[in-house]
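Read off the chains here:
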Amino acid sequence: MSVLPLVFTSGWASGINAYAVVLLLGIFGATGVTDEVPASLQRTDVLLVAALLFLCEAVADKIPYVDSVWDSVHTVIRPVAGAVVAALLAGESGSLPELAAGAVGGSTALMSHLVKAGTRMAVNTSPEPVSNIVVSTAEDLGVAGIITFAIFHPLAAAVAAATLLVLGLVILVFLASRIRRYLRRRAQRREERRLAGTGSRWPHD
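Residues numbered from 1 in each chain as written. Predicted model: local features only at pLDDT ≥ 70, side-chain atom pairs only at ≥ 80, totals over all residues. Heavy atoms only, no water.

Caption draft 1: Expanded view of the overall build of the protein chain. When helices and strands are tallied, the protein chain shows seven helices and zero strands. Reading the secondary structure of the protein chain in the N-to-C direction produces α-α-α-α-α-α-α. With the C-alpha coordinates aligned to their principal axes, the bounding extent of the protein chain is approximately 75 × 35 × 30 Å. A separation threshold of at least 6 residues defines the contact pool for the protein chain, and within that pool the share at least 24 residues apart is 75%. Summing over all exposed atoms, the protein chain offers an accessible surface of approximately 10500 Å²; the carbon and sulfur share of this is 73%. Considering the protein chain, the positive charge centre built from 16 side chains and the negative charge centre built from 15 side chains are found 13 Å apart. (Helix = DSSP H or I, 4+ residues; strand = E, 2+ residues; numbered from the N terminus. Contact = heavy atoms within 4.5 Å. Areas by Shrake-Rupley, 256 points an atom, 1.4 Å probe, with all protein chains shown as cover. Lys, Arg positive; Asp, Glu negative; His and termini not counted. Charge placed at Lys NZ, Arg CZ, Asp CG, Glu CD.)

As structure tokens, this is what we get:
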């Protein structure tokens, strides 16, 4: 069977939590659950680094505003990770050119990352932190569930990932006003800090 469904699903999941994808695929490969995972993702050092970074993301992703900063930093990291994982999966199976797999995985990861980042901006317009924790936990469980599902039922998992991606894009359109509100607040805070810094340089009587 072509590895394309697994490539697509891993790309979608990488846009949400790339470290979880690398960690889960590596564990599934190392434990013999699947033969689709390349040896490079099963290495102990890769798994340890992925686990450490996953824990860092699990904490940062649940703190209001810190999550958006984390997302900004990962705007490049997640699509690149999605492309690399996809290319490695394609190289292991030999059923799909690595360049094509990288393009699918990277572009899918970028789209799901934009949905995640935009949704989190909208959530951050709410003053309480509970919504961040709930959304982040749901994302983590969703990534774990769909990657596990993809190992055993790759085509069905790809259909589910595509449905979630389209649904996320639709929701993002409806949350556009909240996202603009978040961006205005952030710009206002930056201006207030700039003015405060300028004022502190004036001599005091």
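Caption draft 2: Here's a closer look at the pattern of salt bridges. Here the structure, examined in full by the defined rule, presents nine salt bridges. Ionic pairing is found between R120 and D67, a salt bridge with its closest N-O pair at 3.2 Å. Here R120, found in helix α4 (residues 98-123), pairs with D67, found in helix α3 (residues 66-93); they are 53 residues apart in sequence, far enough to count as distant. Measuring nitrogen to oxygen at the nearest pair gives 2.8 Å for the salt bridge that ties D71 to R78. For the residue pair D71 and R78, the accessibility class agrees, reading buried in each case. Counted as one network, the salt bridges with shared partners bring together D61, D67, K116, R120 and E139. (Salt bridge = Lys/Arg side-chain N within 4 Å of Asp/Glu carboxyl O. Buried < 20%, exposed > 50% of the residue type's maximum accessible area, 1.4 Å probe, protein only.)

Caption draft 3: Expanded view of helix α6 (residues 154-174). The first and last C-alpha atoms of α6 sit 30 Å apart over 21 residues, in line with the 30 Å expected at 1.5 Å per residue. Inspection of α6 places P154, A157, A158, A161, L165, G168 and L172 among the buried residues, and these make up the whole buried set. On an axial view of α6, the arc spanned by its buried residues comes to 100°, and they lie on one face. Exposed and oriented more than 90 degrees from the buried face of α6 are L155, V159, V166, V173 and F174. (Expected span 1.5 Å × (residues − 1). Arc of directions from axis to C-beta.)

Caption draft 4: The side chain of S136, seen in detail. When you line up the elements, S136 lands in helix α5 (residues 130-152). Owing to a relative accessible area of 0%, S136 belongs among the buried residues under this scheme. Sequence-distant contacts of S136, that is, excluding residues within four places in its chain, are made with D61, K62 and R120.

Caption draft 5: Representation of the side chain of D61 within the structure. When you line up the elements, D61 lands in the loop between α2 (44-60) and α3. The exposure class assigned to D61 is buried, which follows from its relative accessible area of 2%. In this structure the side chain of D61 is engaged in a polar contact, spanning 2.9 Å, whose partner is the side chain of S136. Ignoring sequence-local partners within four residues, the contact set of D61 consists of D67, D71, K116, R120, N132, S136 and E139. (Polar contact = N/O pair within 3.5 Å; in protein donor to acceptor, adjacent residues only side chain to side chain.)

Caption draft 6: Expanded view of α2. When the terminal C-alpha atoms of α2 are compared, their 24 Å separation across 17 residues agrees well with the 24 Å that a helix rising 1.5 Å per residue should span. Within α2, the full set of buried residues consists of L47, A50, E57, A58 and A60. Viewed end-on, α2 has its buried residues packed into an arc of 160°, placing them on one side of the element. More than 90 degrees from the buried face of α2, the exposed residues found are T44, L48, L52, L55 and V59.

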